[in-house]
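# A structural walkthrough
For reference, the chains in residue letters:
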Amino acid sequence: MPGLFIIAHAPLASALKAAAQHCFPEACETLQVLDVLPNVPQEEVEAQARILLRLVQDADPRGEALVLTDVFGATPSNTVQRLADGVRVKVITGANVPMLWRALNYANEPLDVLITRAVAGGTQGVMQIATSKPHNQASQPTHDQDHRHHQQ
């Protein structure tokens, strides 16, 4: 099972871990997160990320890890791009809850399959939803509407 590491702007990484623990408490035992705080030097972020990434890799017999980050081109993403080798450590940006849950649900898959599933979960989880009542539901009058009806 490839290890999983989330690095994102604070407090997103911790919040994603909390959401993951909601549905996958046992899978979160090896999940590592790093919240990147404002005004922390890049060298310090990279040092912390290197330690956490090593923990995640050490938990996997093949030394593989999937890293999720929030925004391409920002400090968290730039940091892990320098640390990932593209073979045993791969990175996906644009992390969201559906992506994370999909990654945890299929954590026993090989790394390349896991990436495909996580990206699909992330993209399929973004959609516009209807905000009005479905057409097959009857409208219920409010108390005021009901009261006016009886006065006529």
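A brief report on the enclosed structure follows.

Quick notes on the rules
Residues numbered from 1 in each chain as written. Predicted model: local features only at pLDDT ≥ 70, side-chain atom pairs only at ≥ 80, totals over all residues. Heavy atoms only, no water. Helix = DSSP H or I, 4+ residues; strand = E, 2+ residues; numbered from the N terminus. Buried < 20%, exposed > 50% of the residue type's maximum accessible area, 1.4 Å probe, protein only. Contact = heavy atoms within 4.5 Å. Areas by Shrake-Rupley, 256 points an atom, 1.4 Å probe, with all protein chains shown as cover. Axes fitted to C-alpha atoms, helices over the stretch in contact; angles between N-to-C directions. Parallel < 35°, antiparallel > 145°, perpendicular 65-115°, else oblique. Left-handed = near helix turned anticlockwise from the far one by under 90°. Nonpolar A, V, L, I, M, F, W, Y, C, P; charged D, E, K, R; others polar. Pairing = 2+ DSSP bridges. Phe/Tyr/Trp six-rings, centres within 6.5 Å; stacked < 30°, edge-to-face > 60°. Lys NZ or Arg CZ within 6 Å of the ring centre and 35° of its normal. Core = buried A, V, L, I, M, F, W, Y, C linked by side-chain atoms within 4.5 Å.

## A few points about the overall build of the chain
A tally of helices and strands in the chain yields six helices and four strands. Helices (α) and strands (β) of the chain occur, in sequence order from the N terminus, as β-α-β-α-β-α-β-α-α-α. Of all 152 residues assigned to the chain, the portion counted as buried reaches 35%. In the chain, of all internal contacts separated by at least 6 residues, the share reaching a separation of at least 24 is 67%. Here the chain has roughly 9,300 Å² of accessible surface; of this, 54% comes from carbon and sulfur atoms.

## Observations concerning the packing of helix α4 (residues 97–105) against helix α5 (residues 111–124)
With their axes 7 Å apart at the nearest point, α4 and α5 run at an angle of 150° to one another. When the axis of α4 is compared with that of α5, the two are roughly antiparallel. Handedness of the α4/α5 crossing: right-handed. The segment α4 lies against α5, with P98, M99, R102 and A103 engaging L114, R117, A118, A120, G121, G122 and Q124. Of the residues belonging to the contact of α4 with α5, the class tally is six nonpolar, three polar and two charged.

## Examining the pairing of strand β4 (residues 89–93)
Examined bridge by bridge, strand β3 (residues 65–69) and β4 share five bridges and lie parallel to one another. Paired with T69 across the bridge in β4 is T93.

## Describing the packing of aromatic side chains
Across all of its chains, the model carries zero aromatic pairs by this definition. When the ring centre of Y106 is taken as reference, the NZ or CZ atom of R117 above it lies at 4.0 Å.

## What to know about the nonpolar core
Formed by 22 residues in total, the largest nonpolar core has its most connected members in L4, I6, L66, L68, I92, L100 and L104. Contributing elements (two or more residues each) for this core: β1 (3–9), α1 (12–23), β3, α4 and α5. Within the second largest apolar cluster, 14 residues are counted, among which are F5, L52, V80 and V89.

## Focus: the environment of I7
Within the secondary structure, I7 is located in strand β1. Spatially, the C-alpha atom of I7 lies 7.4 Å from that of V67, the residues being 60 residues apart in sequence. Leaving out residues up to four positions away in the same chain, I7 has contacts with L34, V36, V45, A49, V67, L68, T69, D70, P76, T79 and V80.

## Here we look at unusual backbone geometry
With an omega of 0°, the peptide bond between A10 and P11 qualifies as cis. Relative to the helices and strands, P11 is located in the loop between β1 and α1. Of note in this structure, N39 is not a glycine but carries a positive phi near 65°.

Nothing here speaks to function; it is all geometry.
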